[in-house]
There are 2 protein chains.
Amino acid sequence: MSGLKEIASNKSFGGYQKVFSHDSTSLKCNMKFGLYLPPDCDTNKVPVIYWLSGLTCTEQNFMTKAGAQKYASKYNVILVMPDTSPRGVNIPGEDDSYDFGSGAGFYVNATQEPWKSHYHMYTYVTSELPEIINSNFPADPDRQSIMGHSMGGHGALISFLKNPGKYKSVSAFAAICNPSESSWGQRALSGYLGDDKTLWAQYDATKLVSNYNGPPNDIFLDQGSSDEFLEKGQLNPQKFVSACKEAQVPVILTMRDGYDHSYFYIATFIEEHFKHHAKYLGISSS
Amino acid sequence: MSGLKEIASNKSFGGYQKVFSHDSTSLKCNMKFGLYLPPDCDTNKVPVIYWLSGLTCTEQNFMTKAGAQKYASKYNVILVMPDTSPRGVNIPGEDDSYDFGSGAGFYVNATQEPWKSHYHMYTYVTSELPEIINSNFPADPDRQSIMGHSMGGHGALISFLKNPGKYKSVSAFAAICNPSESSWGQRALSGYLGDDKTLWAQYDATKLVSNYNGPPNDIFLDQGSSDEFLEKGQLNPQKFVSACKEAQVPVILTMRDGYDHSYFYIATFIEEHFKHHAKYLGISSS
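Residues numbered from 1 in each chain as written. Chains lettered and ligands numbered in written order. Predicted model: local features only at pLDDT ≥ 70, side-chain atom pairs only at ≥ 80, totals over all residues. Heavy atoms only, no water.

*Asks:* Looking at this structure, I do not really get the overall build of chain A. What am I missing?
*Replies:* For chain A, the count of helices and strands is 10 helices and 9 strands. Computed over the C-alpha atoms, the radius of gyration of chain A is 17 Å, within 12% of the 19 Å expected from 2.2 N^0.38 for a compact globule of 286 residues. Dimensions of chain A, computed from C-alpha atoms along their principal axes, come out at roughly 50 × 40 × 35 Å. Sequence separation of at least 24 residues holds for 72% of the intrachain contacts in chain A that already meet a minimum separation of 6. Per element, the accessible surface of chain A, about 10400 Å² overall, is 46% carbon and sulfur. Charged side chains in chain A number 24 positive and 29 negative. The centres of these two groups are separated by 4 Å. (Helix = DSSP H or I, 4+ residues; strand = E, 2+ residues; numbered from the N terminus. Rg over C-alpha atoms; globule rule 2.2 N^0.38 Å. Contact = heavy atoms within 4.5 Å. Areas by Shrake-Rupley, 256 points an atom, 1.4 Å probe, with all protein chains shown as cover. Lys, Arg positive; Asp, Glu negative; His and termini not counted. Charge placed at Lys NZ, Arg CZ, Asp CG, Glu CD.)

*Asks:* Honestly, the UniProt feature "active site" (unreviewed entry) in chain A in this entry has me stumped. Any pointers?
*Replies:* Residue and element names in this part refer to chain A. When the UniProt feature table is mapped onto this chain numbering, "active site" (unreviewed entry) sits at Ser150, Asp227 and His261. A maximum C-alpha distance of 10.8 Å among these annotated residues, which run over 112 residues, shows that they cluster at one spot. Position of serine 150 among the secondary structure elements: in the loop between strand E6 (139–149) and helix H4 (151–162). Under the relative-accessibility criterion, serine 150 is labelled buried at 3%. Discounting residues that sit within four places of it in the chain, serine 150 has contacts with Gly54, Phe173, Ala174, Ala175, Ile176, Trp184 and His261. With respect to the element layout, aspartate 227 can be found in the loop between strand E8 (219–224) and helix H8 (228–231). With a relative accessible area of 0%, aspartate 227 lands in the buried category. When residues no more than four places from it in sequence are discounted, the contact partners of aspartate 227 are Ala174, Leu235, Tyr259, Asp260 and His261. (UniProt positions renumbered as here; feature names shortened; annotations may be inferred. Buried < 20%, exposed > 50% of the residue type's maximum accessible area, 1.4 Å probe, protein only.)

*Asks:* Would you mind showing me how to read the packing of helix H3 (residues 121–136) of chain A against H4(A) here?
*Replies:* A pair of packed helices is characterised by two quantities: the angle between their axes and the separation of those axes. Residue and element names in this part refer to chain A. Between H3 and H4, whose axes approach to 11 Å, the crossing angle comes to 60°. In terms of axis orientation, H3 runs oblique to H4. Where H3 crosses over H4, the handedness of that crossing is right-handed. Within the contact between the two elements, H3 uses Tyr122, Val125 and Thr126 and H4 uses Ile158, Ser159 and Lys162. (Axes fitted to C-alpha atoms, helices over the stretch in contact; angles between N-to-C directions. Parallel < 35°, antiparallel > 145°, perpendicular 65-115°, else oblique. Left-handed = near helix turned anticlockwise from the far one by under 90°.)

*Asks:* Just checking my understanding: could you explain the sheet that holds strand E5 (residues 78–82) of chain A for this structure?
*Replies:* Backbone-to-backbone hydrogen bonds join strands into a sheet, with any given pair of strands oriented parallel or antiparallel. Residues and elements named next belong to chain A. Read from one edge of the open sheet, 9 strands run E1-E2-E3-E5-E4-E6-E7-E8-E9, paired in mixed fashion. Every interior strand has two partners, whereas the edge strands, strand E1 (5–12) and strand E9 (251–256), have only one. On average, adjacent strands in this sheet sit at an angle of 20° to one another, irrespective of strand direction. As defined by bridge partners, E6 adjoins strand E7 (residues 170–173) across 4 bridges and the pair is classed as parallel. Within the sheet, the bridge partner assigned to glycine 148 lies in E7 and is alanine 172. Each of strand E4 (46–52), E6, E7 and E8 touches H4; the most contacted strand, E6, lies at about 140° to it. (Pairing = 2+ DSSP bridges.)

*Asks:* Is there a simple way to think about the pairing of strand E2 (residues 15–24) of chain B in this case?
*Replies:* A regular strand places its side chains so that they alternate between the two faces of the sheet. Residue and element names in this part refer to chain B. Of all 10 residues making up E2, 8 are buried, and the element is well covered by its neighbours. When strand E1 (residues 5–12) meets E2, the two strands line up antiparallel, connected through 7 bridges. Paired with lysine 5 across the bridge in E2 is serine 21. Here E1 hands over to E2 after 2 residues, with phenylalanine 13 in that stretch at a positive phi of 50°. Both E2 and strand E3 (residues 29–37) contribute to a ladder of 9 bridges, which runs antiparallel.

*Asks:* Would you mind showing me how to read the relation of the copies chain B and chain A here?
*Replies:* Two chain copies, one operation linking them: a rotation about an axis together with a shift along it. Rotating chain B by 180° and translating it 0.0 Å along the rotation axis places it on chain A, where the RMSD comes to 0.0 Å. Here the transformation between the copies is reduced to the relation of a two-fold axis. In terms of proximity to the rotation axis, the leading residue of chain B is Lys65(B), whose C-alpha is 2.5 Å off the axis. (Least-squares fit on C-alpha atoms with pLDDT ≥ 70 in both.)

*Asks:* Can you help me understand the packing of aromatic side chains in this one?
*Replies:* How two aromatic rings sit relative to each other is set out by the distance from centre to centre and by the angle between their planes. Residue and element names in this part refer to chain A. Considering all chains together, one arrives at 36 aromatic pairs over all chains under this definition. Where tryptophan 51 meets phenylalanine 173, the ring centres are 5.9 Å apart and the plane angle is 55°; that geometry is what we call tilted. With a gap of 122 residues between them, tryptophan 51 in strand E4 and phenylalanine 173 in strand E7 connect regions that are remote in the sequence. Here tryptophan 51 and phenylalanine 173 have matching classes, each one buried. Seen from their ring centres, phenylalanine 173 and tyrosine 265 are 5.6 Å apart, and the 85° between their planes marks the pair as edge-to-face. Placement of the pair is phenylalanine 173 in strand E7 and tyrosine 265 in helix H10 (residues 263–281), with a sequence separation of 92 residues. Assigned by exposure class, phenylalanine 173 and tyrosine 265 land together as buried. Members of the aromatic cluster, joined through ring pairs, are Trp51, Phe62, Phe173, Tyr259, Tyr263, Tyr265 and Phe269. (Phe/Tyr/Trp six-rings, centres within 6.5 Å; stacked < 30°, edge-to-face > 60°.)

*Asks:* Can you walk me through helix H3 (residues 121–136) of chain B in this structure?
*Replies:* Each full turn of the α-helix corresponds to 3.6 residues, which orients residues three or four apart in the same direction. Residues and elements named next belong to chain B. The sharpest bend along H3 comes to roughly 30°, located at leucine 129, with the proline proline 130 sitting one to four residues further on. Within H3, burial applies to Met121, Tyr122, Tyr124, Val125, Thr126, Glu128, Leu129, Pro130, Ile132 and Ile133. Elements that come into contact with the buried residues of H3 comprise E2, E3, strand E4 (46–52), strand E5 (78–82), strand E6 (139–149) and helix H4 (151–162). (Bend = angle between axes of the 7 residues up to and from the residue.)

*Asks:* Would you explain the sheet that holds E5(B) in this entry?
*Replies:* Across the sheet, 9 strands lie side by side as E1-E2-E3-E5-E4-E6-E7-E8-E9 (chain B); this open sheet has mixed pairing. The outermost strands of the open sheet, each flanked by one partner alone, are E1 and strand E9 (251–256) of chain B. Averaged over all pairs of adjacent strands, the angle between strand axes in this sheet comes to 20°, irrespective of strand direction. Here E4(B) runs beside E5(B); their pairing, made up of 3 bridges, is parallel. For Ile49(B), the partnering residue across the bridge sits in E5(B) and is Leu79(B). Sitting on the sheet, H10(A) touches E1 and E2 of chain B, and the angle it makes with E1(B) is about 25°.

Next up, the structure:
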């Protein structure tokens with residue numbers, strides 16, 4: 001048992017926006033996650049969408065800023081919003097940078113000291129957390145999808161590509177699509193995984209897609225045209241699209257004129273992402 | 001000139017969510033406010049809705065948590081989101097309490113030392129800020145409405161009742177409807193206005209409504225049934241409704257089963273408030 005404990009609950013769009021804490025076995029620390037339970041899940045098992053957040057975020061950002069509960073309620077899906085790194089594990093330097101350590105787990109399983117004892121966010125979001133959700137809430141384990149933003153867009157893409165069929169669909173806002181070629185990614189991958197670039201490739205969507213052999217499925221990539229991190233070469237959606245085309249994996253890249261990297265951008269387009277996932281999860285709006 | 005300066009701008013639902021700073025003459029300090037400019041206001045003057053926030057809030061809370069930009073865009077209105085008190089004016093004790101001083105201006109004009117030199121939030125939100133908005137942005141000065149939450153619901157109600165015809169409509173979430181009879185209100189009114197209860201009555205919606213002689217207009221009061229501050233007697237919507245009935249002023253009190261005092265509650269029902277204001281502002285959705 002994970003010591004699952006409800007620490008907040010607010011009625012929202014007919015359902016409940018909750019926060020839970022639990023002791024994570026993969027991260028060896030106490031973690032929090034946000035959970036939206038839609039109105040109809042008292043009596044039925046419903047699909048689940050995982051949201052992975054970006055650098056500096058906690059479980060709070062998406063649940064307070066994206067306006068997603070409206071659509072989770074409308075489409076009758078559970079929404080799971082994990083934190084972005086282990087917390088309070090007292091690794092020297094973990095709080096020194098916004099883009100490495102706490103708030104920046106990068107959804108990998110670290111192999112390097114001192115990170116490897118706790119920083120296993122890949123296992124946490126793709127295995128441990130789904131097991132907790134499926135065994136404690138009315139979630140249909142056969143209907144789950146994943147989406148995210150920036151570092152969490154990277155997390156969503158690699159989770160989808162590394163586990164063919166596990167997630168019915170994937171979408172991402174302003175994803176770090178090719179971390180091996182961005183300074184954020186290079187810092188994280190070298191810090192958590194060391195210098196072996198074959199290991200980096202296992203967490204790089206643009207590299208992973210060439211070996212993807214799962215069900216055909218439109219990967220939905222959303223990108224603001226005025227995103228400062230696009231301009232700085234951190235995101236590289238075009239490289240991912242090229243790799244998808246080469247591998248004959250269907251991808252949709254939707255550019256949003258004048259939008260930036262913020263939650264104001266995410267909130268504007270989150271409804272379209274729910275529509276995308278609803279199609280693959282086989283649900284119509286209530 | 002007020003030294004109006006744009007300090008943030010993010011594209012949102014086709015328009016722009018901005019933050020401005022300026023030197024306030026009524027508050028004698030530098031202030032920030034949030035402003036949403038909908039897509040169509042480049043070429044046309046559009047209606048304006050003022051949002052007044054509650055205790056502890058700044059200009060940020062509503063603009064990041066309520067999901068209101070979607071509806072401001074849909075109904076093509078400018079949204080103005082002021083801060084809740086003077087800032088940085090160095091009055092001893094101003095930061096000591098969450099419910100008095102900074103973050104808690106209570107939308108009154110203080111008459112008591114040491115507050116009276118700066119704490120004039122009533123003049124700020126009903127006169128100074130509308131003048132700035134009307135002279136710097138494509139706002140139609142003949143079509144403005146007001147809404148708010150908690151302390152800001154009180155602010156919206158008194159601004160509407162004290163200025164017949166100035167605001168086309170008013171709505172409030174979980175408003176402090178009868179501050180003379182709530183502990184939050186008593187602390188604020190005695191602190192800012194002293195012991196003269198005839199002065200308190202000039203800032204108490206339940207007292208003001210008996211003298212209201214403006215255009216007939218449904219006052220829209222929204223209240224969660226599980227709001228802890230309702231239970232604690234801070235809000236008193238029923239007293240306001242009784243006073244409205246006695247004064248023959250139309251009022252709608254909508255109770256929301258199971259909802260609390262949070263922004264999750266506000267976000268759930270904000271669309272209905274826009275519909276209410278749109279009716280009185282004479283606009284249909286785009």
